[in-house]
Every structure is written in structure tokens, then in C-alpha cells.
Amino acid sequence: MSRKRWFWGFIALVLTVGFVGVASAGTVGKISGTVVDEKGQPLPGVSVMIEGTKKGAVTSADGSYFILNVDPGVYKLAASLIGYQKATKTDVGVKADFTTELNFRLKEEAVQLGEMVVQAERPAVEVDKTVSKFVVDAKQISSISILKSTCV
């Protein structure tokens, strides 16, 4: 009788582990691909983002990327890099336990920058300096009477 108990206990254990394994099967998918330029050369450092989420990736030296733990659904992805036009792909379907391959081809684009004005000011007190100094500008030098009388 004890052998029957062990046998049925073993069967119950196997079934329990089996059902837990099925219940914890993958519930997320993966997106991967490559990003190249118009000539087919890989582009490193491209930002590939799933729009509407905080998920994304940056391409490696060979232009490849992958985004893990993507919930099943339909998404819009965008690839961008400075000096290239932003490319978007819509209706990208992701299935649980599968890898969706999505490749991008980016076109070069001239970078348009507006006018840039740089202004610098010297702070009145420099807190990180350990020595004393006094800065004299041209207006202060011309107003000193000692120099005027000796130079003439």
C-alpha cells in the first residue's frame, strides 16, 4: 500500500509541476532588427523607441538592436539619429514567446540649427579659488592718475 501512495504522490507532483510550467509560460515578446543607412552600412548609436512606452534600445556597432519584455500587441516604432531623417513603422505586431524582426533604413539629412548666441560673465566671487587676485580692465587703467603723469 505504501508503494501505491508513493506512486500517486509522484504522479500528483509531476502534474502540479507540469501545470505550473504551463501557467508560467512566456507572456512577453521581443523586437529585434538592424538599422542601416541608404548604402546598407550599419548605423551604431541609433535610438529605437516604442512610441507611447518607455521601452527602447540603442543600436550596437553592427547596427543591431533588441527590445526585451514587450507585451503582446500592436505598436508604432521610431528610429532616430542626428544627421538622419527619423523613420517610423506602424502596425508592428508582437506575439508572446516570439521575436518580431523589424529593420530600418535611414536617409541622411542636413542638420538645421537656428542662431546661437553665447554670452559669458565673470562671477563677482569665485568660491573655488584659493588665492587672491584683482582684475583691472582698460577703463580702470586709464583712470589712474599716476600712470598719466609718468607716461607723459
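Residues numbered from 1 in each chain as written. Predicted model: local features only at pLDDT ≥ 70, side-chain atom pairs only at ≥ 80, totals over all residues. Heavy atoms only, no water.

Participant: I keep staring at the overall build of the chain and nothing clicks. Help me out?
Facilitator: Check the secondary structure of the chain and you find three helices and eight strands. When the elements of the chain are put in sequence order from the N terminus, they spell out α-β-β-β-β-β-β-β-β-α-α. When the 152 residues of the chain are sorted by exposure, 19% land in the buried category. Carbon and sulfur atoms provide 59% of the accessible area of the chain, an area that totals close to 12,200 Å². (Helix = DSSP H or I, 4+ residues; strand = E, 2+ residues; numbered from the N terminus. Buried < 20%, exposed > 50% of the residue type's maximum accessible area, 1.4 Å probe, protein only. Areas by Shrake-Rupley, 256 points an atom, 1.4 Å probe, with all protein chains shown as cover.)

Participant: Is there a simple way to explain the side chain of T59 in this structure?
Facilitator: Looking at where T59 falls in the secondary structure, it is placed in the loop between β3 (56-58) and β4 (64-70). What makes T59 buried here is its relative accessible area of 6%. In this structure the side chain of T59 is engaged in a polar contact, spanning 2.7 Å, whose partner is the backbone oxygen of L43. A polar contact of 3.0 Å, which involves the side chain of T59, links it to the backbone nitrogen of G45. (Polar contact = N/O pair within 3.5 Å; in protein donor to acceptor, adjacent residues only side chain to side chain.)

Participant: In this structure, what is going on with the pattern of salt bridges? I would like to understand it.
Facilitator: Side chains that differ in charge, positive against negative, can pair when their charged atoms come close. What the rule picks out here adds up to two salt bridges. Linking K86 and E51 is a salt bridge whose minimum nitrogen-to-oxygen distance equals 3.8 Å. In this pair, K86 sits in the loop between β5 (73-80) and β6 (87-94) while E51 sits in the loop between β2 (47-50) and β3, placing the two residues 35 residues apart along the sequence. The class for E51 is partly exposed, based on a relative accessible area of 32%. Residues joined by salt bridges that share partners form a network here, namely E51, K76 and K86. (Salt bridge = Lys/Arg side-chain N within 4 Å of Asp/Glu carboxyl O.)

Participant: What exactly am I supposed to notice about the sheet that holds β3 here?
Facilitator: Ordered by their spatial adjacency, four strands build an open sheet running β3-β2-β5-β6, and the pairing between neighbours is antiparallel. Taken across any chain shown, the strands that pair with only one partner, and hence form the sheet edges, are β3 and β6. Ignoring which end each strand starts from, the neighbouring axes of this sheet average 20° apart. Sheet analysis places β2 next to β5, joined by four bridges and oriented antiparallel. Bridge pairing in β5 links M49 to A78. (Pairing = 2+ DSSP bridges. Axes fitted to C-alpha atoms, helices over the stretch in contact; angles between N-to-C directions.)

Participant: How should I be thinking about unusual backbone geometry in this particular structure?
Facilitator: Both trends apply: most residues other than glycine have a negative phi, and most peptide bonds are in trans. You will see that D91, though not glycine, has its phi angle at about 55°, which is positive. Within the secondary structure layout, D91 lies in strand β6. Taking the relative accessible area as the measure of exposure, D91 reaches 65% and is therefore exposed. For D97, which is not glycine, the phi dihedral falls at a positive 65°.

Participant: What is the right way to look at the environment of G56 in this model?
Facilitator: Along the polypeptide, G56 turns up in strand β3. Taking relative accessible area as the criterion, G56 reaches 34% and is therefore assigned partly exposed. In this structure the C-alpha to C-alpha distance between G56 and F66, which are ten residues apart in sequence, comes to 8.2 Å.

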